[in-house]
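# Report on the structure
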Amino acid sequence: MSDADRLRYNQVRARLTAFGQSHVLAFFDQLDESAQQRLLTQCESIPLELLAREVNRWRDHHTLERVTHAPIEPARVVAARDVDVATYRALGERMLREGRVACFTVAGGQGTRLGWDAPKGTFAATPILRKSLFQVFAETIRSARLRWQCSIPWYVMTSPQNHEATRRFFAEHDWFALENSTVRLFEQGTLPSLTPDGKILLAQRDAIALNPDGHGGAIRALNASGALAEMERESIDTISYFQIDNPLVKAIDPLFLGLHAAHPESSGEVSSKAVAKRDQHEKVGVFCRRADRSMVMEYSDLPPNLAQATHADGTLVHSAGSIAIHLFARRFLEEIARAGHELPLHCASKRVPSIDLETGLLNESPTSSAIKLESFIFDTLPLAKRSLILETSREEEFAPIKNALGDDSPQTSAQAQSDRAARWLEHCGAAVARDSHGGYAATLELSPLTALDTEQLARHPRLPSRVDAGSRLAL
Ligand code: UTP
């Protein structure tokens, strides 16, 4: 080892030792020179102070304390029925025509619960044609570009683990007929996975185990990748944010855009959509207010007395469930990134294959859980002066694919997609057969290229007047 390398090694070792993490170098002497260099570089990039702070907070259950020390009030939610829809819609459409809007999909997650090995966006999600989630959104964006005669660039955040597979999928599908240069894939950052007592895990003898740093990592990644600067150059001021796993998202919603830009509840920094929680047990974050700011509180952080609280009519006091649909001002994200503002880290339990420090062998199926640290995009809400929360309906906009089976699974999502298509067709005058329970008795699929809403569907030249029981129809 050269003197310079020895000095570097000593510096890294001293820093790791100061934070009780020197075991990361346990196999250093057995590595060849290039592996040694790689490991040192990786160690230098680990935010050890941040990890130590978060692990202490987690260990001392400070998370709960942090969110309960100020009174938590229910969110103020705006409903479309209470606003001048035509005016706000027209404003949103103008923003689109002026080329001020970009779509942004976070697709860097690991999809552990679904158990899908490839990027989740490649998952075949639609009820009949089995289109991938990426295709659904690509068609939505293409359709919106055609309808409003505008450019809507699409930014997609991947992780180092799924970036190449995602890029290949888009290339294999010819970028879904979106011009290649209008789709921009970029990688998010990572954080080390930890043992329950805060020790960094090794994925290999020469590599730290890393997990993507959560959808909150989007802000740093948008900035570091140059995406925000690119948007500024292209005069894009509004970013439509959604997750890859919800095929019902209206990725382009002129009413939401107009409200975000001009409603008195909005400072134009960040706006969100909410649906009524199914019941107090549903595992979604809820919108609340604290110290006069909006926030989303994770279901696991909401104290039980608040989660259970009801109004006189039995409805939940804290009922506004977050469905991870937001609009952001580009400037708002730039300011957060420039100020170096760190969103808080949340801890999740996860089984992470790692090197056994005693044997040096990889334990592929650990029996105990590790800690995965992530930041969440909704923690930007309290940073906004005012934040609009728009009520929407679950049936229209929320059918995520999270689990392999049961709630929020491919099956429930496909059913919701088909039901929404049936409702839209009925709205446009078609007679759709029903079963004895009142549910729709046909399987339907509507491409976003056919219609983005009922208004557009009504203008479709070949709408069926009836859909018989048992039929399968893709339009
Ligand atoms: P989830 O919280 O559902 O996580 O992500 P996940 O990783 O996809 O799935 P599980 O928890 O392992 O089963 C919600 C959205 O945020 C994105 C996901 O791709 C999904 O669109 N996400 C999540 C990221 O882009 N990066 C992350 O680090 C985490």
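Everything discussed here concerns the structure shown above.
Just so you know, these numbers come straight off a predicted model, no measurement behind them. (Residues numbered from 1 in each chain as written. Predicted model: local features only at pLDDT ≥ 70, side-chain atom pairs only at ≥ 80, totals over all residues. Heavy atoms only, no water.)

## Describing the overall build of the protein
How we decide: Think of it this way: any DSSP run of H or I at least four residues long counts as a helix, any run of E at least two long counts as a strand, and we number them from the N terminus. C-alpha atoms define the radius of gyration in this analysis, and the globule rule sets the expected value at 2.2 Å times the number of residues to the power 0.38. Relative accessibility decides the category of a residue: with a 1.4 Å probe and only protein chains considered, values under 20% of the type maximum give buried, values over 50% give exposed, and everything between is partly exposed. By the convention used here, residues are in contact when the closest approach between their heavy atoms is within 4.5 Å. Each accessible area value is a Shrake-Rupley result obtained with a 1.4 Å probe; residue values ignore everything except the protein chains displayed when judging cover. In this tally Asp and Glu are treated as negative and Lys and Arg as positive; neither His nor the chain ends contributes. Where a charge lies is defined by one atom per residue type: Lys uses NZ, Arg uses CZ, Asp uses CG and Glu uses CD.
What the protein contains, in helices and strands, is 15 helices and 22 strands. For 475 residues, the compact-globule estimate of 2.2 N^0.38 gives 23 Å, and the C-alpha radius of gyration of the protein, at 24 Å, lies within 12% of that figure. Each of the three principal axes of the protein carries a C-alpha extent, and together these read 80 × 50 × 50 Å. Evaluated residue by residue, the protein yields a buried proportion of 53% over its 475 residues. Looking at the protein alone, contacts between residues at least 24 apart form 75% of all its contacts between residues at least 6 apart. With the model as given, the accessible surface of the protein reaches about 21,700 Å², and the carbon-plus-sulfur share is 49%. In the protein, which carries 54 positive and 60 negative side-chain charges, the distance between the mean positions of the two groups comes to 2 Å.

## Points about the layout of surface pockets
Our working rule: The rule is simple: put a 1 Å grid over the protein atoms alone, call a set of points where a 1.4 Å probe fits but cannot get out a cavity, call an open set with protein on both sides within 12 Å along at least five of seven lines a pocket, and count a residue as lining if it has an atom within 4 Å of a point. Grid points are joined across faces, edges and corners, and a volume is the space filled by probe spheres set on the points. Classification convention: Asp, Glu, Lys, Arg as charged; Ala, Val, Leu, Ile, Met, Phe, Trp, Tyr, Cys, Pro as nonpolar; all other residues, Gly among them, as polar.
In this structure, the second largest pocket occupies an estimated 780 Å³ of space. What lines the second largest pocket is a set of 44 residues, and nearest its centre among them are Lys250, Glu396, Arg420, Trp424 and Leu452. The set of elements that each furnish at least two residues to the lining of the second largest pocket consists of helix H5 (85-97), helix H6 (133-148), helix H10 (254-262), strand E18 (387-391), helix H13 (394-397), helix H14 (410-427), strand E20 (443-445) and helix H15 (454-458). Each residue belonging to the lining of the second largest pocket can be placed in one class, and the counts come to 20 nonpolar, 9 polar and 15 charged.

## Notes on the packing of aromatic side chains
Spelled out, the test is: Aromatic rings from Phe, Tyr and Trp, taking only the six-membered ring of Trp, are treated as a pair when their centres fall within 6.5 Å; an angle between ring planes under 30 degrees marks them as stacked, one over 60 as edge-to-face, and anything in between as tilted.
Summed over the entire model, instances satisfying the criterion amount to 13 aromatic pairs. A ring pair is formed by Phe134 and Phe170, whose centres lie 4.8 Å apart and whose planes are at 55 degrees; its orientation type is tilted. Of the two residues, Phe134 sits in helix H6 while Phe170 sits in helix H7 (residues 163-172), which places them 36 residues apart along the sequence. On the accessibility criterion, Phe134 (0% relative accessible area) is buried. Between Phe376 and Phe378, the ring centres sit 5.3 Å apart and the planes meet at 50 degrees, which makes this aromatic pair tilted. Put simply, the rings of Phe134, Trp154, Phe169, Phe170, Trp175 and Phe176 touch in pairs and so form one group of aromatic residues.

## Re the site of the ligand
Heads up, the rule is: Whether a residue is near a molecule or strand is decided by its heavy atoms; if any one of them lies within 4 Å of it, the residue is near. Polar contact is the term for a pair of N or O atoms within 3.5 Å; when the atoms are in protein, one must be able to donate a hydrogen and the other to accept it, and sequence-neighboring residues count only if both atoms are side-chain atoms.
Around the ligand, the surrounding shell holds 20 residues, and the nearest of these are Val106, Gly108, Gln110, Thr112 and Gln188. Here Gly108 contributes a backbone N or O atom positioned 2.7 Å from an oxygen atom of the ligand. Measuring from an oxygen atom of the ligand, one finds a backbone N or O atom of Gln110 at 2.7 Å. Against a free-state accessible area of 560 Å², the protein chains account for coverage of 90% of the ligand. Grouping the amino acids of the shell around the ligand by side-chain chemistry returns 5 nonpolar, 9 polar and 6 charged.

## Brief notes about the nonpolar core
This is how the line gets drawn: Among the buried residues, those of types Ala, Val, Leu, Ile, Met, Phe, Trp, Tyr and Cys that are joined through side-chain atoms within 4.5 Å form a nonpolar core.
Core analysis: the biggest nonpolar cluster contains 47 residues, and Leu96, Cys103, Phe134, Ile152, Trp154, Phe170 and Ile252 have the highest contact counts within it. In this view, Phe134 contacts Ala107, Gly121, Thr122, Trp154, Val156, Thr166, Phe169, Phe170, Phe176 and Ile244; residues no more than four positions away in its chain are not counted. Residues Met157, Met231, Phe287 and Ala337 belong to the second largest nonpolar core, which totals 35 residues.

## Quick notes on the packing of helix H1 (residues 3-18) against helix H2 (residues 33-44)
Rule in force here: Angular values range over 0 to 180 degrees, each being the angle between N-to-C directions of two axes fitted as lines to C-alpha atoms, with helices fitted over their stretch in contact. By definition in this entry, angles of less than 35 degrees are roughly parallel, angles greater than 145 are roughly antiparallel, angles of 65 to 115 are roughly perpendicular, and the rest are oblique. Rotating anticlockwise by less than a right angle from the far helix to the near helix defines a left-handed crossing, while the corresponding clockwise rotation defines a right-handed one.
Viewed as axis vectors pointing N to C, H1 and H2 meet at an angle of 45 degrees, and their least axial separation amounts to 10 Å. In terms of their interaxial angle, H1 and H2 are classed as oblique. Our pair here, H1 against H2, has a crossing hand that is left-handed. Residues Asp5, Arg8, Tyr9, Val12 and Leu16 of H1 pack against Glu33, Gln37, Leu40, Thr41, Cys43 and Glu44 of H2. For the contact of H1 with H2, the class distribution of residues is 5 nonpolar, 2 polar and 4 charged.

## Some details on the packing of H5 against H10
It is at 7 Å that the axes of H5 and H10 come closest, and there the two elements cross at 95 degrees. Compared by their axis directions, H5 and H10 come out roughly perpendicular. Contacts between H5 and H10 involve Val85, Tyr88, Arg89, Leu91, Gly92, Glu93, Met95 and Leu96 on the former and, on the latter, Pro254, Leu255, Leu257, Gly258, Leu259, Ala261 and Ala262. Of the residues contributing to the contact of H5 with H10, the split by class is 11 nonpolar, 2 polar and 2 charged.

## Side note on the pattern of salt bridges
Note the following rule: What makes a salt bridge here is a side-chain nitrogen of Lys or Arg within 4 Å of a carboxyl oxygen of Asp or Glu, nothing more.
Applying the stated criterion across every chain, the model contains 33 salt bridges. In this structure, Arg394 engages Glu282 in a salt bridge whose closest nitrogen and oxygen atoms are separated by 2.7 Å. With a gap of 112 residues between them, Arg394 in helix H13 and Glu282 in the loop between strand E10 (270-276) and strand E11 (286-290) connect regions that are remote in the sequence. Relative accessible area serves as the criterion here: at 8%, Glu282 is assigned to the buried category.

## So, the environment of His341
Along the chain, the position of His341 falls in the loop between helix H12 (330-338) and strand E14 (345-350). Here the alpha-carbon distance between His341 and Ile219, two residues 122 residues apart in the chain, equals 9.8 Å. When neighbours within four sequence positions are excluded, His341 is seen to be in contact with Ile336 and Leu383.

## A look at the pairing of strand E17 (residues 370-375)
Most of E17 sits inside the fold, with 6 of its 6 residues counted as buried. Neither face of E17 is left uncovered, since the one carrying Ala370, Lys372 and Glu374 and the one carrying Ile371, Leu373 and Ser375 both have all their residues buried.

## Things to note about the pairing of E11
For clarity, the cut-off: Strand pairing is assigned whenever DSSP detects at least two bridges linking the two strands.
Among the 5 residues in E11, 4 count as buried, and that is most of the element. Summarising the sheet, strand E1 (residues 73-74) and E11 pair through 2 bridges and their orientation is antiparallel. Each residue of the ladder has a partner; that of Glu73, found in E11, is Arg289. As consecutive antiparallel partners, E11 and strand E12 (residues 293-297) are separated by 2 residues, and within that stretch Ala291 has a phi angle of approximately 50 degrees, a positive value.

## Looking at the side chain of Gln456
Looking at where Gln456 falls in the secondary structure, it is placed in helix H15. The contact partners of Gln456, leaving out residues within four places of it in the chain, are Ser143, Arg147, Thr450 and Ala451.

## Some points on helix H3 (residues 48-59)
Our working definition: One less than the residue count of a helix, multiplied by 1.5 Å, gives the span that helix is expected to have.
Compared with an ideal rise of 1.5 Å per residue, which puts 12 residues at 16 Å, H3 spans 16 Å between its outermost C-alpha atoms and is within 8% of the ideal. Turning to H3, its buried residues are Leu48, Leu50, Leu51, Glu54, Val55 and Arg57.

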